[in-house]
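A structural walkthrough
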Amino acid sequence: MSSQKKIFGTDGVRGTANIEPVTAETALKLGRAAAHVFKNLESQSRGRGKHKIVIGKDTRLSGYMLENAISSGILSMGVDVLFIGPLPTPGVAYVTRSLRADAGIVITASHNPYADNGIKFFRADGYKLDDKIEAQIESLVFSGDVEKIRPSSAEIGKAVRIDDALGRYIEFAKASFPRGQTLEGMKIVLDCGHGAAYKASPCVLRELGAEVIVYGDRPDGKNINENCGSMHPEAMCRKVVEHGAHIGIAHDGDADRVLLCDETGALIDGDDIMAIAALEMLGENSLAGKTLVSTVMSNAGLEAAIVKAGGRMIRTGVGDKNVIDEMLKHGFNFGGEQSGHLIFRDYGTTGDGLVAALQILRILKAKGTPLSTLAKCWTRFPQLVTNVKVREKKPLEQLDGVNVLVASAEKELQTQGGRLLLRYSGTEPKIRLLVEGRDQAVLQSWSKKICDSIQQQIGV
């Protein structure tokens, strides 16, 4: 680990379990560092007694190892640990607030295969850490300074298991659904991806009155996200048709995202969900600032639909943390990603696949129309994505004529409500060009011109 310069990535710590930085040794150090930082953010604990940190996890085998290691580090710094077991990431965020803990930790690698794992942190208010706090934790881990701080034996923390954490989250999720309304008469196919929602989501939907046909609810530590859940929604789509269901719901491993399926078996992605919910909220005058927050990956047709309805859409960089930061900065209450992260800030502090599904179910029941009809509230623009393998990642302004072509393309695409995005891959030797607009022929023409120019200059 000493050779690394960073532990935190775009969403906490993540990697292959038992390989740095996702090892018991590093988890122990992270626990010590995090306990020290959070303890000193507040001179007194938020509740009575000692400072305390909530720890939840998804259903991965390696969760046991990391849970024990990170809790040992926390306890050694004189901070108590509250174990809540397998629970969706948004559930950990909620329970952290509900129990007035100083911080929350969820051990998960979200949509990744079971061999991976990760560690995500929440502040006392249930929001993800800002970069400044992450840097403090990271600095303590690498400097070793936290090793010099050791409370006396009488001050060592204690660990307790919170038995009602699941029940707390279930009641929280149900409270996001209108009081007095039920899901009676609804047949729902639910795929939990053998992940953290395998108890919570079926329970909530059934308690609201739905007939629920559940899949992916038998985790064995190794089958999380395996050919199921939102990473493989084709299984959900097929089962909706087989069972004659009204809707399909598919979670990822930690259930902070969701994809849906209409009654015909057609996939409903994050852009569809944002269109349905944001347009409904605009009509109800409940969309704060009449603004939807999304990322650069969302389809241009989504923005066109929101603008036509009298609203606006703000784009951020990829990642739900970027979306949440923008929402917090300006007081907006709804945003999300095409991938299925949906943040309804009126109800929670992070992406919540179950709450998002309930908001669409609320609209379905209120309107009495099938999901396939609701999804026609917007028109997806044709999109063309082209990857060019490159031998070097030269700054775009140093490529002869490319910026001129890009500017000309953007000018024409903007006249039809389209857009262009050109960027190097962060992980591969590629440059990616995304063009969107109403005319497929125009997209193909500009894509060919720009990519040919790049290929001639730095292509492999």
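Before reading on, note that the structure itself is shown above.
Residues numbered from 1 in each chain as written. Predicted model: local features only at pLDDT ≥ 70, side-chain atom pairs only at ≥ 80, totals over all residues. Heavy atoms only, no water.

For Arg257, the position within the fold is in the loop between strand 9 (247–251) and strand 10 (258–261). Residue class for Arg257 comes out buried when judged on its relative accessible area of 10%. What Arg257 contacts, discounting residues up to four positions off in sequence, is His111, Ser230, Ala250, His251, Asp252, Ser339, Gly340, His341 and Gly353. (Helix = DSSP H or I, 4+ residues; strand = E, 2+ residues; numbered from the N terminus. Buried < 20%, exposed > 50% of the residue type's maximum accessible area, 1.4 Å probe, protein only. Contact = heavy atoms within 4.5 Å.)

Core analysis: the biggest nonpolar cluster contains 65 residues, and Leu183, Leu260, Phe334, Leu358 and Leu361 have the highest contact counts within it. Considering each element in turn, this core owes the most residues, nine residues, to helix 11 (residues 353–367). When neighbours within four sequence positions are excluded, Leu260 is seen to be in contact with Met236, Ile247, Gly248, Ile249, Ala266, Leu267, Ile268, Ile273, Ala357, Ile360 and Leu371. Residues Val37, Ile53, Met77 and Phe121 belong to the second largest nonpolar core, which totals 33 residues. (Core = buried A, V, L, I, M, F, W, Y, C linked by side-chain atoms within 4.5 Å.)

With respect to the helices and strands, Asp217 occurs in the loop between strand 8 (211–215) and helix 7 (234–243). Spatially, the C-alpha atom of Asp217 lies 9.1 Å from that of Leu190, the residues being 27 residues apart in sequence. Sequence-distant contacts of Asp217, that is, excluding residues within four places in its chain, are made with His194 and Tyr198.

Turning next to the packing of helix 8 (residues 270–284) against helix 11. Orientation of helix 8 relative to helix 11, taken along the N-to-C sense of each, is 60 degrees, at an axis distance of 10 Å. Regarding the angle of helix 8 to helix 11, the classification is oblique. In this structure, helix 8 meets helix 11 at a crossing whose hand is left-handed. On helix 11, the residues touching Ile273, Ile276, Ala277, Glu280 and Glu284 of helix 8 are Ile360, Arg362, Ile363 and Lys367. Its residues placed into classes, the contact of helix 8 with helix 11 shows five nonpolar, no polar and four charged. (Axes fitted to C-alpha atoms, helices over the stretch in contact; angles between N-to-C directions. Parallel < 35°, antiparallel > 145°, perpendicular 65-115°, else oblique. Left-handed = near helix turned anticlockwise from the far one by under 90°. Nonpolar A, V, L, I, M, F, W, Y, C, P; charged D, E, K, R; others polar.)

Taken in spatial order, the five strands make up an open sheet running 8-7-9-10-11, and their pairing is mixed. In this open sheet, the two strands that pair with only one neighbour each are strand 8 and strand 11 (267–268). Pairing geometry for strand 7 (residues 187–191) and strand 8, over five bridges, is parallel. When the sheet's bridge partners are listed, Lys187 is paired in strand 8 with Glu211. Sheet strands touched by helix 11: strand 7, strand 9 and strand 10. Its angle to strand 9, the strand with the most contacts, is close to 165 degrees. (Pairing = 2+ DSSP bridges.)

In this section: the pairing of strand 4 (residues 103–107). Most of strand 4 sits out of view: five of its five residues are buried. Going residue by residue along strand 4, you find Ala103, Ile105 and Ile107 tucked away on one face and Gly104 and Val106 tucked away on the opposite face as well. One ladder, built from five bridges, connects strand 2 (residues 52–57) with strand 4; its direction is parallel. Among the inter-strand pairings, Ile55 is bridged to a residue of strand 4, identified as Ile105.

It is worth spelling out the packing of aromatic side chains at this point. Evaluation of the coordinates by the stated rule reveals five aromatic pairs. Taking the centre distance of 6.4 Å and the plane angle of 35 degrees together, the rings of Phe38 and Phe121 count as tilted. On the criterion of sequence distance, the pair formed by Phe38 in helix 1 (residues 24–41) and Phe121 in strand 5 (residues 116–122) is long-range, its members being 83 residues apart. Overall, Phe38 belongs to the buried group, its relative accessible area being 2%. Here Phe121 falls in the buried class, since its relative accessible area comes to 4%. Centre to centre, the rings of Phe334 and Phe344 are 4.3 Å apart; their planes meet at 25 degrees, and the pair counts as stacked. (Phe/Tyr/Trp six-rings, centres within 6.5 Å; stacked < 30°, edge-to-face > 60°.)

Proximity of charged atoms lets side chains of opposite charge pair with each other. The final tally for this structure, using the stated rule, is 29 salt bridges. A salt bridge links Asp269 to Arg380; the nearest nitrogen and oxygen atoms lie 3.2 Å apart. Here Asp269 is found in the loop between strand 11 and helix 8, whereas its partner Arg380 is found in the loop between helix 12 (371–374) and strand 16 (383–389), with 111 residues between them in sequence. For Arg380, a relative accessible area of 36% translates into the label partly exposed. Notably, a salt bridge pairs Glu428 with Arg432, separated by 2.9 Å at the nearest N-O pair. Residue Glu428 is classed as partly exposed on the basis of its relative accessible area, which comes to 30%. Taking the relative accessible area as the measure of exposure, Arg432 reaches 25% and is therefore partly exposed. Residues joined in a network through salt bridges with shared partners are Asp11, Arg14, Lys120, Lys128, Asp254, Asp256 and Asp320. (Salt bridge = Lys/Arg side-chain N within 4 Å of Asp/Glu carboxyl O.)

Counting through the fold element by element, Asn112 comes out in the loop between strand 4 and strand 5. The class of Asn112 is buried, set by a relative accessible area of 15%. Expressed as a C-alpha distance, the spacing of Asn112 and Asn225, which sit 113 residues apart in the sequence, is 7.1 Å. Every residue in contact with Asn112, bar those within four places of it in the chain, is listed here: Arg14, Arg60 and Asn225. Within the structure, Asn112 has its side chain in polar contact with the side chain of Asp116 (distance 3.1 Å). (Polar contact = N/O pair within 3.5 Å; in protein donor to acceptor, adjacent residues only side chain to side chain.)

Taken in spatial order, the three strands make up an open sheet running 16-18-17, and their pairing is antiparallel. In this open sheet, the two edge strands, each paired with only one partner strand, are strand 16 and strand 17 (419–424). Pairs of neighbouring strands in the sheet enclose a mean axial angle of 10 degrees, with direction left out of account. Where strand 17 and strand 18 (residues 430–436) come together, six bridges link them in antiparallel fashion. In the sheet register, Leu422 faces strand 18, and the bridge partner there is Leu433.

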